[in-house]
Structures are given as C-alpha cells and as structure tokens.
Amino acid sequence: MSKRIAIGGDHAGYHHKEKMVEFLESKGYEVKDFGPYSADSADYPDFVHPVCQSIESGNHDFGVLICGSGQGVTITANKHQKIRAALCWDTDLAAVTRQHNNSNVVCLAARWTAYELAESIVDTFLNTEFEGGRHQRRVDKISC
C-alpha cells in the first residue's frame, strides 16, 4: 500500500511545495495538498492544522510542511498531541528523527534549503523506519 502524504505550508514555501507534490506523486505516493495554492501572503497555521488533523485522524500517514524558516510550521504542528514534527536541514537529521523519534511530519525551511536538498530530505524521511525498542519508551513519554 502506498504511503499517504499530507502537505502544506505558507507563501514562502509555496514553490518548494508545488515541486514536492510532483516529486512525491512521481514516486507513487498518494498526496493531498492542503495549500496554500498561490505565493500570496498566507498564514501557515491555516494550512498546518488541517495537515496535522488529517494525520491524527488516520487519513494520512505522514506530513510535509514547508515555510520560510521551517520554525512556524514546526511549532504549530507540535501543538497536536499525536504529531511529532521535526525541522530537518539535512538527510542525517531526517533519518535519525524517524529512527529515534518516530516523527510523522518533516518540516523544511524553504529560504535556507535548496529544493534539490529538500527532495532528498523528504525522500530519506519517508523511507526510514522507526527503530522502536528503547526509543519507543521515550516516544511514549512525549505527549502531555
């Protein structure tokens, strides 16, 4: 079964998001674009919350969030109890946050991450498995 990916961000991440949707679909993922749908100024929480709610409800397996710095989308996503969002700027971070934290949302900084690198980060994130074991105990303690 194909992984179902929810994607969103803000105006600063719009161009990366548009290309990322095409990339993910070309890899066989089922992708739902939650917006924004233009580069006009937009508030990232308006798109982050629906992405996270869709993951929490089981409609999507993973999320990709992209804004200018990556910080706003990460902070907002982590307000959701079932979301473990990680801001990643290289593939090593993308791998370890899946392996150790069982992160289900990867966040990117469009203004500091070249698109080609963003693609590699997302690909690594989606293709790395959670190691479980001692890490599961720690993940179980995250929610408050």
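Up top you'll find the structure we're talking about.
First, a word on what this report is: a plain description of the structure on this page.

Thresholds, definitions, all that
Residues numbered from 1 in each chain as written. Predicted model: local features only at pLDDT ≥ 70, side-chain atom pairs only at ≥ 80, totals over all residues. Heavy atoms only, no water. Helix = DSSP H or I, 4+ residues; strand = E, 2+ residues; numbered from the N terminus. Phe/Tyr/Trp six-rings, centres within 6.5 Å; stacked < 30°, edge-to-face > 60°. Buried < 20%, exposed > 50% of the residue type's maximum accessible area, 1.4 Å probe, protein only. Core = buried A, V, L, I, M, F, W, Y, C linked by side-chain atoms within 4.5 Å. Contact = heavy atoms within 4.5 Å.

Time to look at unusual backbone geometry. A cis geometry characterises the amide bond from Gly35 onward to Pro36, with omega recorded as 5 degrees. Take Pro36: it is sitting in the loop between β2 (30-33) and α2 (45-56). Positive phi is not limited to glycine here, since Asn102 has a value of about 50 degrees. Residue placement: Asn102 occurs in the loop between α4 (91-101) and β5 (105-109).

Moving on, we get to the packing of aromatic side chains. The tally for this structure, following the rule as stated, stands at 1 aromatic pair. Aromatic side chains Phe62 and Phe125 sit 5.9 Å apart centroid to centroid with 80 degrees between the ring planes, which places their arrangement in the edge-to-face category. A residue pair is termed long-range when its members are at least 10 positions apart, and Phe62 in strand β3 (residues 62-67) and Phe125 in helix α5 (residues 115-126) qualify at 63 residues. Like Phe125, Phe62 is buried.

This paragraph deals with the nonpolar core. Membership of the largest hydrophobic core comes to 23 residues, with the highest contact counts inside it found for Met20, Leu24, Val64 and Leu108. Looking at this core, the elements with two or more residues in it are β1 (4-9), α1 (14-26), β3, β5 and α5. The greatest single-element share of this core, amounting to 6 residues, is contributed by α5. With near-sequence residues (within four places) excluded, Val64 lies in contact with Ile5, Ala6, Ile7, Gly8, Met20, Leu24, Val106, Leu108 and Val122. Among the nonpolar cores identified, the runner-up in size contains 14 residues, and Ala6, Cys52, Cys67 and Val105 belong to it.

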